[in-house]
Amino acid sequence: MTEPLQSFDWKNSNYERPANTWVCGHMCQSGEPCRLGPDSRGECQLQSQCQPEEKDGKYFCTRSTINGGKCKEGPTRDGTCCQSDSRCQPRRSLFAKRRLLGMIAAMVAALFSLVVFSGSSPSSLLIPGEVTASHANIESDCNACHTAAEGGFATWIHSALDSKTLLNDSERCLKCHSDLGSDALFPHGVSIDRLSKITDQVRLNQESSTAPLALQLSSLTSPPAPKDKLACSTCHQEHHGRKADLTHLTDLQCQTCHTRQFESFEHGHPGLGDYPYQRRSGIYFDHQQHLNRYFKADEFKRTMPQGQKPESCNSCHSADSTGKIMLTGSFKNMCASCHEPQIKDVEFPGIPFFALPVIAPEIMISQGEWPHIKGTFKTARLPRLMELLLEHDPKYQSALQQLGTIDYRILNNLDKKHNAAIVEIAWSVKRLLYDVTVSGELALEQRLGNSHPEYKNLQPSIIPTLLLAQQIWFPDLATEMDLYQENKLIPAQDRAESSQKSIPFTIDNSNGWSLSDSDFTIRYRPLGHADPLLKGWLNRAVQERRASMNSDHLWQIISNPTASGLEDSQGALASGRCLLCHSIDQDSKTGLSQINWLPSPGQHSQERFTDFSHAPHLLTGTQNQCAICHAFEKSESNNTPILKQDYFVRDRSNLFWTVNVNCEETCTSGFQPINQKTCVTCHNKSTATQSCLECHNYHAHTKQRALKKLSTD
Amino acid sequence: MRNLFFQQRIALTAFVFLSAIIFGAYYLFSITLSNTSFACGVTLLIFIFILSSYQLRKKLPFLSIGNTSTWLHFHIFVGLLSSVLFLLHIKMRIPDGLFEFILFLTYSTVFLSGVIGWILSRSVPYRLLSRGEEVIFERIPIHRRTIHNKVKVLIFDKPNPDLGSAIPDFYHKHLQSFFSGPCNQMRHLLHSKRHRHQLSQRFSALMPYLNEQEQTVLHQLEEQVQLKDDLDYQYALQATMKLWLFVHIPLTYSLIIFALFHTIAVCAFAGTIG
């Protein structure tokens, strides 16, 4: 039996102080500590040598008991201590080593952090992770997304305490993502007022649904306030790697702000309403009439493209390169065979733009050339363009005042006292033509001023035809104008003589302009579908003068379906019926209108909460698969009226069309709205394809997500 | 013992309950698109400060704010809860950025060293009781020297001329390094007795060649070998109980500093205060 190593009696067991910084060096080296140990500064307190004391000529050891007591050997004869210096080099205790290590670790961490956080811009070491591939090109430029990156550490502290940092950063996102609209940071990128309206509409819906339990519980927290701006990072969390999905949101997250909450698309989703036919199509087209009548009856076969009747929807519609939108075939390929003759309207002589009124020679004595002396002027007024060009001519206006109400058809029947005014009208017309001769297009612009921009820069231009008219009708116009300005009498030239002087000319009608030597009128005859002059005129008129457009004479001519621009003619069909097929939309915010020249809705800047891609739905290869979703409206007859009363509205005279821009009310599609049950057959829980983002856009004013989704698909 | 078991069950239940609340709150807040990472991060930072205050508590033993044992249990409990928050904060994935990866590594090391320390503090004391004498760690060098001195006396102080040189030779060859300092620490940690068995075999091999007096000395030497080996066992285990703190505590300081800088960066660049 061995003796115990550890003694715990008070004499043989020193009080251990592990928290002391220093321990005896002897203890560490040989396990023989001195009783004193090192002091707090880490110095050995042992004094093995003493300072011998002399007493009666002898030296005595003075070593204290604590240092080992008096030694046996005692001092040497010369009074020095016989002991060697046995002081140790104290060492750090475990506790002190740990504390030292802690300090070193803290200093290393602080130094590393200061290196990372120093500098005028963030270090690359600070980047919390790679950004997505779409943002990879700006990854090294922190300043592109973070306002804090404009400066150093002080700026960061300022940004950290700034409550608007998130929104300021979001503004930087919008520098690139500028297609999100002016209210991009508000929920769904729509204005608060618009959002309130949508919310009110949703509240009016009486369909009942039960919110999922998680949403009920989460409402106890703090869902985003619908009237506050939302930072982009609320939904889009960056720095999660190149392949991170920035747009991933769960259905519950989508619904957290919504007034109506429901379990899934399969259960509780609000009805689809009249989707996708909330608005009229860009082009008015009666599918029922075409499919059930024109494409069936043999009598129309000869008018079909290449004599072939369309057999299915694909005959006219094909998916675009992304597969998202079903494109409609071009007018030339699909519609022209039937409708081009209607547009060309061979019997239509053209829209008069310039005309010489009929003035008897006896009125124009000594007033120079006036070719239009016989016959009857066919309209009470001059062509609209002429009226506008003479509107700011003071002499012409003075003449009109003298004449009072003027009817150009009976100009020669007026009292002789009005002859001077009629002469002035003739000179006003000559002056107009002379100005055009001298200044060309500039003369028209100056005369039109700022009003009526729709008549400026008409393409193809009327100027060459006006110049030609001057050469034919007024070959000595320059001389006449000189004499007129000198108030000299100008003898009328013999018509035969003047025609000898005139330059030989050929009339080129290929650009639509025609010059008639019989009624001295310059007309424009539309070239066919998408006529450039009418398209340009309509675009500008609709955009800038829509309110007064209905009263414009030119509009009255081209919108008159019974007359061919002449009040007394009975043309079969009118040219310029553009707006019978091409509808007009008005932006509710800006008030600006635009014509839907193309059938695709892509040209509209309106909000789009729902995004549908045809491509994934066209893979089954089933015949007439379009009809599965796009079913005709049921009615007793096949001819369901798809036009509402106010799609085309007659004016008070019941003669001219007026334009209605209320796209939500003017017509129906002729199709039944998409049935939600049809969608649910595929989009249900079992197929896991019923998430909100399958069909809905958060950003109502962007097309990017849809495009990205398509590319992924 | 039953009381301890009861306490552990309560602690486990409380941990599961609180973890469920944390997960639930995280889920509900994430539904409302709240900044859950920031909420987790702030809570985690508070937890880290609470955890580090345990070290402060040990430095202020005179304060009557609960005994150290209670604080230790609280420290372990909060530490485990912090791991739940940490996993939610990093969204169960390793961060890509260098600074955040270092922060991740630091927390993970501190947490794992804490868990290891916790396991050691639960298992080592039982092992210490199973072998050798209960000694104070700081005094082990003294006891080692005492044993060594005894061995030297037994071998080299020769009052009896019958003792030959076999034992001194044996000492120089096999025992000197053994008695000079701590030996076989890894084997002690692994609870291996292979080295002792080897030494016993050497003693047994030598025994037949010794006379009676030498055999007596050898028996006494064997006793000292056992005593020294038990002392090494105590040293290895007690040192292990102290050494894990050399990782846990210094890295805690680093963790606090990294976390504070991380908070500044997050608030500045993610605008989380707003």
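Worth saying up front: this structure is predicted, and the values here are computed from it rather than measured.

**With respect to the overall build of chain A**
Part 1 of the reasoning: Along its length, chain A carries 23 helices and 13 strands.
Part 2 of the reasoning: Counting every position in chain A, which comprises 713 residues, the buried fraction comes to 42%.
Part 3 of the reasoning: Considering only intrachain contacts with a sequence separation of at least 6, the fraction spanning at least 24 residues in chain A is 66%.
Part 4 of the reasoning: Surface summary for chain A: the accessible area is close to 40,000 Å², and the carbon and sulfur share equals 53%.

**A short note on the interface of chain A and chain B**
One frequently used descriptor of interface size is the decrease in accessible area upon assembly of the parts.
Part 1 of the reasoning: Taken together, the 71 residues of chain A in the interface contact 55 residues of chain B.
Part 2 of the reasoning: Across the chain A to chain B interface the summed buried area is about 5,200 Å²; carbon plus sulfur atoms make up 70%.
Part 3 of the reasoning: Looking only at chain A, the three residues that lose the most surface to chain B are L5(A), Q6(A) and R98(A), adding up to 15% of its buried area.
Part 4 of the reasoning: Our enumeration of links across chain A and chain B arrives at zero salt bridges.
Part 5 of the reasoning: On inspection of chain A and its partner chain B, the count reaches five residue pairs in polar contact (both at pLDDT 80 or more).
Part 6 of the reasoning: Examining the composition of the side of chain A that touches chain B, we find that 15 residues originate from one element, helix α2 (residues 94–117) of chain A, more than from any other.
Part 7 of the reasoning: Per-class residue counts for the side of chain A that touches chain B are 40 nonpolar, 23 polar and eight charged.

**Quick look at the pattern of salt bridges**
Part 1 of the reasoning: Here the structure, examined in full by the defined rule, presents 22 salt bridges over all chains.
Part 2 of the reasoning: For R447(A), the salt bridge identified is with D435(A), shortest N-O distance 2.9 Å. Here R447(A) is found in helix α13 (residues 441–448), whereas its partner D435(A) is found in helix α12 (residues 419–439), with 12 residues between them in sequence.
Part 3 of the reasoning: For R608(A), the salt bridge identified is with D611(A), shortest N-O distance 3.9 Å.
Part 4 of the reasoning: On the basis of relative accessible area, R608(A) is assigned to the partly exposed category, the value being 30%.
Part 5 of the reasoning: Classification of D611(A) as buried rests on a relative accessible area of 7%.
Part 6 of the reasoning: Each of R131(B), R196(B), D229(B) and D230(B) takes part in one network of salt bridges that share partners.

**Some thoughts on helix α9 (residues 331–344) of chain A**
Residues and elements named next belong to chain A.
Part 1 of the reasoning: Here α9 contains 14 residues, and its C-alpha end-to-end distance of 14 Å is more than 12% below the 20 Å for a straight helix at 1.5 Å per residue.
Part 2 of the reasoning: The largest bend along α9 measures about 70 degrees and falls at S337, with the proline P341 one to four residues further on.
Part 3 of the reasoning: The set of residues buried in α9 consists of F331, A336 and E340.

**Focus: the nonpolar core**
Within soluble globular proteins, side chains that are nonpolar tend to cluster in buried spots.
Part 1 of the reasoning: Residues F353(A), F354(A), W473(A), I522(A), W537(A) and L538(A) are the most contacted members of the largest nonpolar core, which totals 73 residues.
Part 2 of the reasoning: No other element matches α12(A), which puts 10 residues into this core.
Part 3 of the reasoning: In this structure, W473(A) is in contact with F354(A), L356(A), E369(A), P371(A), L515(A), S516(A), D517(A), F520(A), T521(A) and I522(A), ignoring residues within four places of it in sequence.
Part 4 of the reasoning: Formed by 39 residues, the second largest nonpolar core is a distinct cluster that contains A106(A), L85(B), L103(B) and L255(B).

**Observations regarding the environment of R87(A)**
Residues and elements named next belong to chain A.
Part 1 of the reasoning: Checked against the element boundaries, R87 lands in the loop between β3 (58–60) and β4 (91–92).
Part 2 of the reasoning: On the basis of relative accessibility, which here comes to 52%, the residue R87 falls in the exposed class.
Part 3 of the reasoning: For the pair R87 and S669, spaced 582 residues apart in sequence, the C-alpha separation works out to 107 Å.
Part 4 of the reasoning: Ignoring anything within four residues of it in the chain, the contact list for R87 reads H26, C44 and L46.

**Regarding a positive patch on the surface**
Part 1 of the reasoning: Side chains of R92(A), R99(A), K58(B) and K59(B) sit close together on the surface and give a patch of like positive charge.
Part 2 of the reasoning: For R99(A), a relative accessible area of 36% corresponds to the partly exposed category.

**Observations regarding helix α3 (residues 68–89) of chain B**
Part 1 of the reasoning: Its 22 residues place the ends of α3(B) 30 Å apart at the C-alpha level, agreeing with the 32 Å of an ideal helix rising 1.5 Å per residue.
Part 2 of the reasoning: Backbone geometry just downstream of α3(B) places K91(B) in the positive-phi region, at approximately 55 degrees.

**A short note on the packing of α12(A) against helix α14 (residues 463–473) of chain A**
All names here are of chain A.
Part 1 of the reasoning: Packing of α12 against α14 leaves a shortest axis separation of 9 Å and a crossing angle of 120 degrees. Taken together, α12 and α14 sit at an angle that is classed as oblique. The hand of the α12/α14 crossing is left-handed. Each of L433, V436 and T437 in α12 lies in contact with α14, whose residues at this interface are I463, L466, L467 and Q470.
Part 2 of the reasoning: Taken together, the residues of the contact of α12 with α14 sort by class into five nonpolar, two polar and no charged.

**Examining a nonpolar patch on the surface**
All names here are of chain B.
Part 1 of the reasoning: Where nonpolar side chains cluster on the molecular surface, the patch consists of V42, I46, I50 and F74 and spans about 310 Å² of accessible area.
Part 2 of the reasoning: Per-element tally for the nonpolar patch: the top contributor is helix α2 (residues 36–59), with three residues.
Part 3 of the reasoning: Of note, V42 is situated in helix α2.

**Focus: the sheet that holds strand β8 (residues 513–516) of chain A**
Residue and element names in this part refer to chain A.
Part 1 of the reasoning: The strand order across the open sheet built from three strands is β7-β9-β8, with neighbouring strands paired in antiparallel fashion. Both edges of this open sheet fall to β7 (351–355) and β8, since each of them pairs with a single strand only. Taken pair by pair, the neighbouring strands of this sheet meet at an average axis angle of 25 degrees, ignoring direction.
Part 2 of the reasoning: Bridge count between β7 and strand β9 (residues 521–524): four bridges; the pairing is antiparallel.

**Focus: the confidence of the model for chain B**
Part 1 of the reasoning: Averaged over chain B, the pLDDT score is 89; the fraction of residues at 70 or greater is 96%.
Part 2 of the reasoning: Here the predicted complex carries an ipTM of 0.90, next to a pTM of 0.70.

**Looking at the packing of helix α9 (residues 212–243) of chain B against helix α10 (residues 245–269) of chain B**
Residues and elements named next belong to chain B.
Part 1 of the reasoning: Interaxial distance between α9 and α10 falls to 5 Å at its minimum, and their mutual angle equals 10 degrees. For the element pair α9 / α10, the angle class is roughly parallel. Between α9 and α10, the residues in contact are M241, K242 and L243 and L245, F246 and V247, respectively.

**Considerations on the environment of T247(A)**
Residue and element names in this part refer to chain A.
Part 1 of the reasoning: Within the fold, T247 resides in the loop between α6 (213–218) and α7 (251–255).
Part 2 of the reasoning: Using a relative accessible area of 31% as the deciding quantity, one classes T247 as partly exposed.
Part 3 of the reasoning: Sequence separation of T247 and F474 is 227 residues, and the distance between their C-alpha atoms is 71 Å.
Part 4 of the reasoning: A polar atom in the side chain of T247 sits 3.0 Å from the side chain of D245.

**Focus on unusual backbone geometry**
Part 1 of the reasoning: Following Q459(A), the chain continues into P460(A) via a peptide bond in cis, with omega recorded as 0 degrees.
Part 2 of the reasoning: Its identity is not glycine, yet F520(A) carries a phi of approximately 50 degrees, on the positive side.
Part 3 of the reasoning: For F520(A), the position within the fold is in the loop between β8 and β9.
Part 4 of the reasoning: Backbone geometry places K91(B), a non-glycine residue, at a positive phi of 55 degrees.
Part 5 of the reasoning: Along the chain, K91(B) falls in the loop between α3 and α4 (98–130).
Part 6 of the reasoning: Its relative accessible area of 35% is what places K91(B) among the partly exposed residues.

Parameters and conventions
Residues numbered from 1 in each chain as written. Chains lettered and ligands numbered in written order. Predicted model: local features only at pLDDT ≥ 70, side-chain atom pairs only at ≥ 80, totals over all residues. Heavy atoms only, no water. Helix = DSSP H or I, 4+ residues; strand = E, 2+ residues; numbered from the N terminus. Buried < 20%, exposed > 50% of the residue type's maximum accessible area, 1.4 Å probe, protein only. Contact = heavy atoms within 4.5 Å. Areas by Shrake-Rupley, 256 points an atom, 1.4 Å probe, with all protein chains shown as cover. Buried area = accessible area lost by both parts, 1.4 Å probe. Salt bridge = Lys/Arg side-chain N within 4 Å of Asp/Glu carboxyl O. Polar contact = N/O pair within 3.5 Å; in protein donor to acceptor, adjacent residues only side chain to side chain. Nonpolar A, V, L, I, M, F, W, Y, C, P; charged D, E, K, R; others polar. Expected span 1.5 Å × (residues − 1). Bend = angle between axes of the 7 residues up to and from the residue. Core = buried A, V, L, I, M, F, W, Y, C linked by side-chain atoms within 4.5 Å. Patch = residues over 30% accessible without salt bridge, like charges linked within 9 Å, V, L, I, M, F, W, Y side chains within 5 Å. Lys, Arg positive; Asp, Glu negative; His and termini not counted. Charge placed at Lys NZ, Arg CZ, Asp CG, Glu CD. Axes fitted to C-alpha atoms, helices over the stretch in contact; angles between N-to-C directions. Parallel < 35°, antiparallel > 145°, perpendicular 65-115°, else oblique. Left-handed = near helix turned anticlockwise from the far one by under 90°. Pairing = 2+ DSSP bridges. pLDDT = per-residue confidence, 0-100.

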